[in-house]
Amino acid sequence: MSDCESDHSDENEDVITPAELIAKLEEAWLNEKFSPELLEHKNEVVECVMEQIVHMEENLQRAKKGDAKANIHRMEIDRIRFVLNSYLRTRLQKIEKYFPHILEKERRCEEEGQMSFLTNEESVFAREYLVNTESYLNKVALKHMPPNLQHMDILKAVPKPCLDTFVFLNVKERQDNILVEPETDEQREYVVDLEEGSQHLMRYRTIAPLVSSGAVKLM
């Protein structure tokens, strides 16, 4: 592979094998698939996987006809392409479903100087989707209503992702004193330790930062 094999740092670089790269894609795919909100994009992984697919297809073209290994490699390419397409499709579906909230979050990231969680293409898609949706609603409904009802707050009209959804997770790195439930008048606060390799069913809101940091993965 090319430079995609490496995660660069100031002093050294760690080589990533093709198998580890595909594992990163699969983890990003499952996290995106099972999280209720849109996660930070993994565009670097996506681009590297696309290069790897091209490299694998070039190798297949040099294989002899009737080679059983070639058929196995073709199946693996199809599997990788399915995971990649599903990952990208899942992100687009979330953008379509929660576009005003995603754009509002993107605006806050820009104001605070934080890294965007959308790719450039996703950002353009979300903005165009907003414009087209508002234009459509105005043509088919709003302009036919009384003047005092012709304005609609799109942020209030579109539901937010439900961060209290329960998700299954696998712990990659031990985590101590995770607050599961805050203290209320009816109950004391509930804190747990997450052992490496353990599996849990918890509210997404509780472990969202751990998903972002890579300490846990959804399943």
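How each quantity is defined
Residues numbered from 1 in each chain as written. Predicted model: local features only at pLDDT ≥ 70, side-chain atom pairs only at ≥ 80, totals over all residues. Heavy atoms only, no water. Helix = DSSP H or I, 4+ residues; strand = E, 2+ residues; numbered from the N terminus. Expected span 1.5 Å × (residues − 1). Buried < 20%, exposed > 50% of the residue type's maximum accessible area, 1.4 Å probe, protein only. Arc of directions from axis to C-beta. pLDDT = per-residue confidence, 0-100. Contact = heavy atoms within 4.5 Å. Pairing = 2+ DSSP bridges. Axes fitted to C-alpha atoms, helices over the stretch in contact; angles between N-to-C directions. Patch = residues over 30% accessible without salt bridge, like charges linked within 9 Å, V, L, I, M, F, W, Y side chains within 5 Å. Areas by Shrake-Rupley, 256 points an atom, 1.4 Å probe, with all protein chains shown as cover. Salt bridge = Lys/Arg side-chain N within 4 Å of Asp/Glu carboxyl O. Lys, Arg positive; Asp, Glu negative; His and termini not counted. Charge placed at Lys NZ, Arg CZ, Asp CG, Glu CD. Phe/Tyr/Trp six-rings, centres within 6.5 Å; stacked < 30°, edge-to-face > 60°. Lys NZ or Arg CZ within 6 Å of the ring centre and 35° of its normal. 1 Å grid on protein atoms, 1.4 Å probe; cavity = no way out; pocket = protein on both sides within 12 Å on 5 of 7 lines; lining within 4 Å. Points joined across faces, edges and corners; volume = space filled by probe spheres on them. Polar contact = N/O pair within 3.5 Å; in protein donor to acceptor, adjacent residues only side chain to side chain.

A short note on helix 2 (residues 43-61)
In step 1: Relative to the 27 Å expected for 19 residues at 1.5 Å per residue, helix 2 spans 27 Å between its end C-alpha atoms, a close match to the ideal helical length.
In step 2: Within the sequence span of helix 2, burial applies to Val45, Val46, Cys48, Val49, Gln52, Ile53, Met56 and Leu60. Down the axis of helix 2, the buried side of the element spans an arc of 160 degrees, and every buried residue falls inside it. Exposed side chains of helix 2 directed beyond 90 degrees from the buried face belong to Glu44 and Gln61.

Observations concerning the confidence of the model for the protein
In step 1: A residue-level look at the protein finds 91% of positions with pLDDT of 70 or above and a mean pLDDT of 88.
In step 2: Every residue in residues 5-12 is under pLDDT 50, and counting partners more than four places away or in other chains gives 14 contacts.

Topic: the sheet that holds strand 3 (residues 166-171)
In step 1: With antiparallel pairing, the 3 strands of this open sheet are ordered in space as 6-3-7. In this open sheet, the two strands that pair with only one neighbour each are strand 6 (199-203) and strand 7 (216-218). Each adjacent strand pair in this sheet contributes to an overall mean axis angle of 40 degrees, direction not counted.
In step 2: Direction of pairing for strand 3 relative to strand 6: antiparallel, over a ladder of 5 bridges. Its bridge partner lying in strand 6, Leu169 is registered against His200.
In step 3: On top of the sheet, helix 1 (residues 18-34) reaches strand 3 and strand 7; it is set at about 65 degrees to strand 7, its chief contact.

What about a negative patch on the surface?
In step 1: On the surface, Glu44, Glu47, Glu51 and Glu121 cluster together into a negatively charged patch.
In step 2: No other element matches the 3 residues that helix 2 contributes to the negative patch.
In step 3: Tracing the chain through its elements places Glu51 in helix 2.

With respect to the packing of aromatic side chains
The geometry of two aromatic rings is summed up by the distance between their centres and the angle between their planes.
In step 1: All told, the structure shown has 3 aromatic pairs when counted by the stated rule.
In step 2: Centre to centre, the rings of Trp29 and Phe82 are 6.2 Å apart; their planes meet at 80 degrees, and the pair counts as edge-to-face. Of the two residues, Trp29 is situated in helix 1 and Phe82 in helix 3 (residues 68-111); the sequence distance between them amounts to 53 residues.
In step 3: Residue class for Trp29 comes out buried when judged on its relative accessible area of 14%.
In step 4: Measuring from centroid to centroid gives 5.0 Å for Phe99 and Tyr129, while their planes differ by 70 degrees, and the two rings are edge-to-face. Of this pair, Phe99 sits in helix 3 while Tyr129 sits in helix 4 (residues 120-140), placing them 30 residues apart in sequence.
In step 5: We classify Tyr129 as partly exposed; its relative accessible area is 27%.
In step 6: Following the ring pairs from residue to residue traces out a cluster consisting of Phe99, Phe125 and Tyr129.
In step 7: Sitting above the plane of the Phe117 ring, Lys105 keeps its charged end 4.6 Å from the centroid.

Quick look at the layout of surface pockets
In step 1: Considering only enclosed or pocket space, the largest pocket measures out at about 810 Å³ in volume.
In step 2: In this structure, the largest pocket is lined by 32 residues; those nearest its centre are Glu40, His41, Lys42, Val211 and Ser212.
In step 3: What the second largest pocket holds in volume is close to 280 Å³.
In step 4: Contributing to the lining of the second largest pocket are 13 residues, with Glu37, His101, Lys105, Arg108 and Pro161 lying nearest its centre.
In step 5: For the lining of the second largest pocket, the element with the most residues is helix 3, which contributes 6 residues.

Quick word on the side chain of Ser35
In step 1: Topologically, Ser35 is positioned in the loop between helix 1 and helix 2.
In step 2: Among the residues examined, Ser35 registers a relative accessible area of 4% and is labelled buried.
In step 3: Separated by 2.9 Å, the side chain of Ser35 and the backbone oxygen of Glu37 make a polar contact.

A short note on the pattern of salt bridges
In step 1: Inspection of every chain in the model, using the stated rule, returns 18 salt bridges.
In step 2: Residues Glu111 and Arg107 are paired through a salt bridge, measuring 2.4 Å at the closest nitrogen-oxygen approach. Separated by 4 residues within a single helix, Glu111 and Arg107 lie in helix 3, roughly one turn from each other.
In step 3: In this structure Arg107 comes out as partly exposed when scored by relative accessible area, which is 35%.
In step 4: Across the pair Asp193 and Arg174 runs a salt bridge whose closest N-O atoms are separated by 3.9 Å. With a gap of 19 residues between them, Asp193 in strand 5 (residues 190-194) and Arg174 in the loop between strand 3 and strand 4 (175-181) connect regions that are remote in the sequence.
In step 5: Judged by relative accessible area, which is 39%, Asp193 ranks as partly exposed.
In step 6: Look at Arg174 and you get partly exposed, because its relative accessible area is 40%.

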